[in-house]
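Spelled out, the chains give:
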Amino acid sequence: MTSPLDDLGEQKPREECGVFAVWAPEEDVAKLTFYGLFALQHRGQEAAGIAVGDGHQTIVFKDLGLVNQVFDEQTLQAMRGNVAIGHTRYSTTGASSWENAQPMFRSTGEGTGVALAHNGNLVNTTALKRRAVQLGIMPENKLAGCASDTDVVASLLAHTAVNQGLEEAALHLLPKVEGAFCFVMCDTDTIYAARDPYGVRPLSLGRLERGWVVASETCALDIVGASYVRDIEPGEFVTINATGVHSRRFAEPRHARCIFEHVYLARPDSFLNGRSVNAARVEIGRSLAREHPCDGDLVIPVPESGTPAAVGYAQESGIPFAQGLTKNSYVGRTFIQPSQTIRQLGIRLKLNPLREVIRGKRLVVVDDSIVRGNTQRALVSMLREAGAAEVHVRIASPPVKWPCFYGIDFASPAELIANGVDDADDILEGVRRAIGADSLGFVSQESMVNSTCQPANEMCCACFDGQYPIKLPPENPLVKPLLHMKGANCVVASDTQVPDDLLDLVEPEEQITNTLQ
């Protein structure tokens, strides 16, 4: 479900999902999960859900909407248990509907089952779906795309667990799952967590006084009073129950952490692989000032995501920092269709200039990224109308030229402004003219990566350089055009048939009783 407000300005890259899990028999696990999801709300605003296990059964409650719209005191009070997992969703695979809200629950027979929540995006969903159809656990029409990748994994996992148990089923299935994923799951008394071998999306382990927590970002640990212990490692599967925390490896780590988590997706108060997100963004701003200096009067951010980089730019350049734009924090999901008059207001529904601050000033405007360019074009025009003498735009990431297949909902290649300028050899000048700025500067990829304090060969920068670390799905309509784009290092799966290693996913069909309806 797309908000009508998406047409009013540039839609930022969507942050896909956030996951949270807690094992704490002596705590109110539903409320802990609610507050954990509240901290992860920025990662998805379409739907939210919580599953709670009490040792005998698992209860799932989910709905469309924000976390505080889906849950109230009465609902949370009714969800008593020892373990819980939660999810806040933006759809990258599967429509925005109640059926695709998470956690997903699938029965494993005898009244038991598995609840599963997922952050990321799989690239071999078609092959997994075909196997599920062959096994008779999903209907044929699911191949038409009405099932999410999470739905497919949950179904296969539950089916396999009938004979092997949930832990062994997961360790058997996970090596066959390709793409970017962080899974949290639970049965009635145990929580489980898994991170893909590349570690594309973040996942952290925290310690409560009387329990354990797993979360997409460390900010969610902070809000529930958990101390950070460590990151879940790429290719690691963690089991947490009354016997403690147990770790097993299902794949060797390869490391391709998403650089865009540092640039925009993660909350600034989170830590990624030991590095403060805020500190990384401030350092990007400092690098931006060194690489693209400007003779300006004020540095102003595009709130909120451009603020840390703007602070760094001001610190390095010596140009005073100021808040020149006010953001309406309540613009988000809406079911009220805007009239044509309101549409024409565009970005003003989200941002409004402080005229007394910017009038007559040469502004250095710092933002996190440019995707389609609609926001920056409207913003430059609005600042000029408000009296700015000059508008110099500085961007805390390189030009976005490639789509993401690993969980971020970017525009198609043709819609990206960096691919649509007249002169492909001078993207900087072409984009500057397109948005109407007096000057424009993008931080270099090298400086952006260096700001994270992570090795460059362990970061995924595919949206900036086209170097995809995980093979791309051939059934995706965006893949074919990529093959014709100069410089792409696209590793594409040869076909969409079921690979041989998926054929042994479960015991022979005749030995399995289908428990999924």
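What you see is a predicted model; the values in this text were computed from it and never measured.

## Quick word on the packing of aromatic side chains
Here the structure, examined in full by the defined rule, presents 11 aromatic pairs. For the pair Tyr-192 and Phe-237, a centre-to-centre distance of 5.8 Å together with 25° between the ring planes defines the contact as stacked. Of the two residues, Tyr-192 is situated in strand β8 (residues 191–195) and Phe-237 in strand β12 (residues 236–241); the sequence distance between them amounts to 45 residues.

## Points about the packing of helix α4 (residues 125–134) against helix α5 (residues 149–164)
Relative orientation of the contacting elements α4 and α5 amounts to 40°, with a least axis distance of 10 Å. What the angle tells us is that α4 and α5 run oblique. By crossing handedness, the relation of α4 to α5 is classed as left-handed. Of α5, the residues touching α4 (which contributes Thr-125, Leu-128, Lys-129 and Ala-132) are Asp-149, Val-152, Val-153 and Leu-156. Partitioning the contact of α4 with α5 into residue classes produces five nonpolar, one polar and two charged.

## Brief notes about the UniProt feature "binding site: Mg(2+)" (unreviewed entry) in the chain
UniProt's feature table lists "binding site: Mg(2+)" (unreviewed entry) at Ser-305, Asp-367 and Asp-368, given in the numbering used throughout. Despite a sequence span of 64 residues, these residues sit close together in the fold, their greatest C-alpha distance being 7.1 Å. The topology assignment puts Ser-305 in the loop between β17 (298–301) and α10 (307–317). Using a relative accessible area of 18% as the deciding quantity, one classes Ser-305 as buried. Engagement of the side chain of Ser-305 in a polar contact is seen with the side chain of Asp-368, the distance being 2.5 Å. For Asp-368, a relative accessible area of 1% puts it in the buried group.

## A word on a nonpolar patch on the surface
A cluster of nonpolar side chains, namely Tyr-35, Phe-38 and Ile-223, defines an oily patch on the protein surface of about 290 Å² accessible area. Mapped onto the secondary structure, Tyr-35 falls in helix α1 (residues 29–39).

## Section: the side chain of Ser-216
Tracing the sequence through the fold places Ser-216 in the loop between β10 (211–215) and α7 (218–223). Apart from the residues within four sequence positions on either side, Ser-216 is in contact with Cys-17, Gly-18, Val-19, Leu-40, Arg-43, Asn-119, Pro-202 and Leu-203.

## Points about the nonpolar core
Counting residues in each nonpolar core, the largest one holds 45 residues, and the members touching the most others are Phe-260, Tyr-313, Tyr-406 and Met-448. Secondary-structure elements contributing two or more residues to this core are α8 (259–265), α9 (277–291), α10, β20 (362–367), α16 (445–451), β23 (459–460) and α17 (462–465). Per-domain counts for this core show at least three residues from each of domain 1 (16–254) and domain 2 (279–328 + 337–457). Filtering out sequence-adjacent residues up to four positions away, Tyr-313 remains in contact with Gly-285, Arg-286, Leu-288, Ala-289, His-292, Pro-293, Cys-294, Val-299, Ile-319, Val-364, Val-366 and Arg-394. Of all hydrophobic cores here, the second largest spans 32 residues; its members include Met-104, Leu-122, Ile-137 and Phe-181.

Rules of the game
Residues numbered from 1 in each chain as written. Predicted model: local features only at pLDDT ≥ 70, side-chain atom pairs only at ≥ 80, totals over all residues. Heavy atoms only, no water. Phe/Tyr/Trp six-rings, centres within 6.5 Å; stacked < 30°, edge-to-face > 60°. Helix = DSSP H or I, 4+ residues; strand = E, 2+ residues; numbered from the N terminus. Axes fitted to C-alpha atoms, helices over the stretch in contact; angles between N-to-C directions. Parallel < 35°, antiparallel > 145°, perpendicular 65-115°, else oblique. Left-handed = near helix turned anticlockwise from the far one by under 90°. Contact = heavy atoms within 4.5 Å. Nonpolar A, V, L, I, M, F, W, Y, C, P; charged D, E, K, R; others polar. UniProt positions renumbered as here; feature names shortened; annotations may be inferred. Buried < 20%, exposed > 50% of the residue type's maximum accessible area, 1.4 Å probe, protein only. Polar contact = N/O pair within 3.5 Å; in protein donor to acceptor, adjacent residues only side chain to side chain. Patch = residues over 30% accessible without salt bridge, like charges linked within 9 Å, V, L, I, M, F, W, Y side chains within 5 Å. Areas by Shrake-Rupley, 256 points an atom, 1.4 Å probe, with all protein chains shown as cover. Salt bridge = Lys/Arg side-chain N within 4 Å of Asp/Glu carboxyl O. Core = buried A, V, L, I, M, F, W, Y, C linked by side-chain atoms within 4.5 Å. Domains from an automatic or database assignment.

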